[in-house]
Amino acid sequence: MCIRARGPGAGLGVGRGISRSLAAAAARVAVAGRTLGKVEDTAAQIRASGGDAHAFACDVMDPDQLERLVPDVVERFGGLSILVNNAQTTVHGHLLDLSEDVYRDGMDSGPLATLRLMRACHPHLKGHGSIVNLGSAAGVRWDPSGYGGYAAAKEAIRVLTRTAACEWGVDGIRVNAILPLASSPALDDWAAERPQEAEEYLRTVPLGRLGDPETDIGPAVVFLCGPAARYITGHSLPVDGGQALMR
């Protein structure tokens, strides 16, 4: 059996938490996602807390929508200094069960959309910009059985991150990735579908809990985008309670 689930972008979970954390650090935030109502809710929460946010509907698997998104954001805010690539179709299934269509959705929504947005934002980020892409510990775990399609997409994003960091450093653009482990709709669905596996996985987290999208994951992104991280680029940072061992 293979499972495909569309991620909510900045509308829920980790994307919403990162958006709220950036806004709390005084960033003006464009929140984008496939479902306008969800990202409008995120933007409304930020504004209610005194921040500045605007919602944009965008399906990252549609290149035409991606092409329109960046100019719309720049027009609304007058510029662009941070890009966070969070949207991803979750793909579960053993390789012999994984259809090419499902696998392709994982690649189109993850590394291909990430590449497209990085390239579209590049002219606006030159000289001062920071990009944070979202990888996953699924790509570095000792046995990715059942999650190979998802892990492949996330590892491709990490390679793109490192490559962009090396190629665009001369342009003044820093590019990093985080590997988060946090409460999210996708993770909740997985835990509901495979409760025993989820319980066993949680026992491998040294801190013994899932991260909170806003108070655990978001601050890591704020750090990577801020002046304290001005000499950090091309790095993959696990934000996962110590679960992943990077080599």
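All figures in this text were calculated on a predicted structure; none of them were measured in a lab.

1. Focus on the environment of D62
Line of reasoning, step 1. Here D62 is to be found in the loop between β3 (53-57) and α3 (63-77).
Line of reasoning, step 2. Through-space distance from the C-alpha of D62 to that of S109 is 9.0 Å; in sequence the pair is 47 residues apart.

2. Re the nonpolar core
Line of reasoning, step 1. If you look at the biggest cluster of nonpolar residues, it comprises 22 residues, and the most contacted ones within it are L80, M118, I131, W168 and V175.
Line of reasoning, step 2. Secondary-structure elements contributing two or more residues to this core are α3, α4 (100-125) and α5 (148-168).
Line of reasoning, step 3. Not counting chain neighbours up to four residues away, the residues in contact with M118 comprise L83, N85, I131, N133, L160, A164, W168 and V175.
Line of reasoning, step 4. In this structure, V29, V31, A55 and I178 belong to the second largest nonpolar core, which totals 21 residues.

3. Let's talk about the confidence of the model for the protein chain
Any region with low pLDDT has predicted coordinates that should not be read closely.
Line of reasoning, step 1. Summing up the model confidence of the protein chain, the mean pLDDT is 92 and the portion of residues at 70 or higher is 95%.
Line of reasoning, step 2. Every residue in residues 1-8 scores below 50 in pLDDT, and together they form 33 contacts with partners more than four places removed in sequence or on other chains.

4. Side note on the environment of F223
Line of reasoning, step 1. Following the sequence through the fold, F223 ends up in helix α8 (residues 213-225).
Line of reasoning, step 2. With relative accessibility at 36%, the residue F223 sits in the partly exposed group.
Line of reasoning, step 3. Excluding residues within four positions of it along the chain, F223 makes contact with A228, A229 and I232.

5. Comments concerning unusual backbone geometry
Line of reasoning, step 1. Phi at A26 takes a positive value of approximately 80 degrees, unusual for a residue other than glycine.
Line of reasoning, step 2. Inspection of the secondary structure puts A26 in the loop between α1 (13-24) and β2 (29-33).

6. Here we look at the sheet that holds strand β7 (residues 174-180)
Line of reasoning, step 1. Taken together, the 4 strands give an open sheet; going across it, the order is β4-β6-β7-β8, and neighbouring strands pair in parallel fashion. A strand with exactly one partner marks an edge of an open sheet, and here the two such strands are β4 (82-85) and β8 (236-239). The mean inter-strand angle of the sheet, taken between neighbouring strand axes irrespective of direction, is 20 degrees.
Line of reasoning, step 2. Bridge count for β7 against β8 is 4 bridges, and the pairing is parallel. Counted as the bridge partner of P180 is V239 from β8.
Line of reasoning, step 3. Those strands touched by α5 are β6 (130-134), β7 and β8, and its axis lies near 160 degrees from that of β7.

7. Focus on the side chain of N176
Line of reasoning, step 1. Take N176: it is sitting in strand β7.
Line of reasoning, step 2. For N176, a relative accessible area of 0% corresponds to the buried category.
Line of reasoning, step 3. Beyond its immediate stretch of four places on either side in the chain, N176 contacts I131, V132, N133, T161, L224, I232, T233, G234 and H235.

8. Brief notes about the pattern of salt bridges
Line of reasoning, step 1. As enumerated under the stated definition, the model contains 11 salt bridges in all.
Line of reasoning, step 2. Across the salt bridge formed by R209 and D216, the nearest N and O atoms sit 2.8 Å from each other.
Line of reasoning, step 3. Among the residues examined, R209 registers a relative accessible area of 42% and is labelled partly exposed.
Line of reasoning, step 4. The class of D216 is partly exposed, set by a relative accessible area of 26%.
Line of reasoning, step 5. Because the salt bridges share partners, they merge into one network encompassing R28, D52 and R76.

9. Thoughts on the packing of α3 against α4
The relative placement of two packed helices comes down to the angle between their axes together with the axis-to-axis distance.
Line of reasoning, step 1. Look at α3 against α4: their axes get within 10 Å of each other, and the N-to-C directions meet at 30 degrees. Relative to α4, α3 is oriented roughly parallel. Crossing hand, α3 versus α4: right-handed. Note on element contacts: α4 touches α3 through A113, R116, L117, A120, C121 and H124, opposite P63, L66, L69, V70 and V74.
Line of reasoning, step 2. Looking at the contact of α3 with α4 residue by residue, the class counts come to 9 nonpolar, 1 polar and 1 charged.

The rules behind these values
- Residues numbered from 1 in each chain as written.
- Predicted model: local features only at pLDDT ≥ 70, side-chain atom pairs only at ≥ 80, totals over all residues.
- Heavy atoms only, no water.
- Helix = DSSP H or I, 4+ residues; strand = E, 2+ residues; numbered from the N terminus.
- Core = buried A, V, L, I, M, F, W, Y, C linked by side-chain atoms within 4.5 Å.
- Buried < 20%, exposed > 50% of the residue type's maximum accessible area, 1.4 Å probe, protein only.
- Contact = heavy atoms within 4.5 Å.
- pLDDT = per-residue confidence, 0-100.
- Pairing = 2+ DSSP bridges.
- Axes fitted to C-alpha atoms, helices over the stretch in contact; angles between N-to-C directions.
- Salt bridge = Lys/Arg side-chain N within 4 Å of Asp/Glu carboxyl O.
- Parallel < 35°, antiparallel > 145°, perpendicular 65-115°, else oblique.
- Left-handed = near helix turned anticlockwise from the far one by under 90°.
- Nonpolar A, V, L, I, M, F, W, Y, C, P; charged D, E, K, R; others polar.

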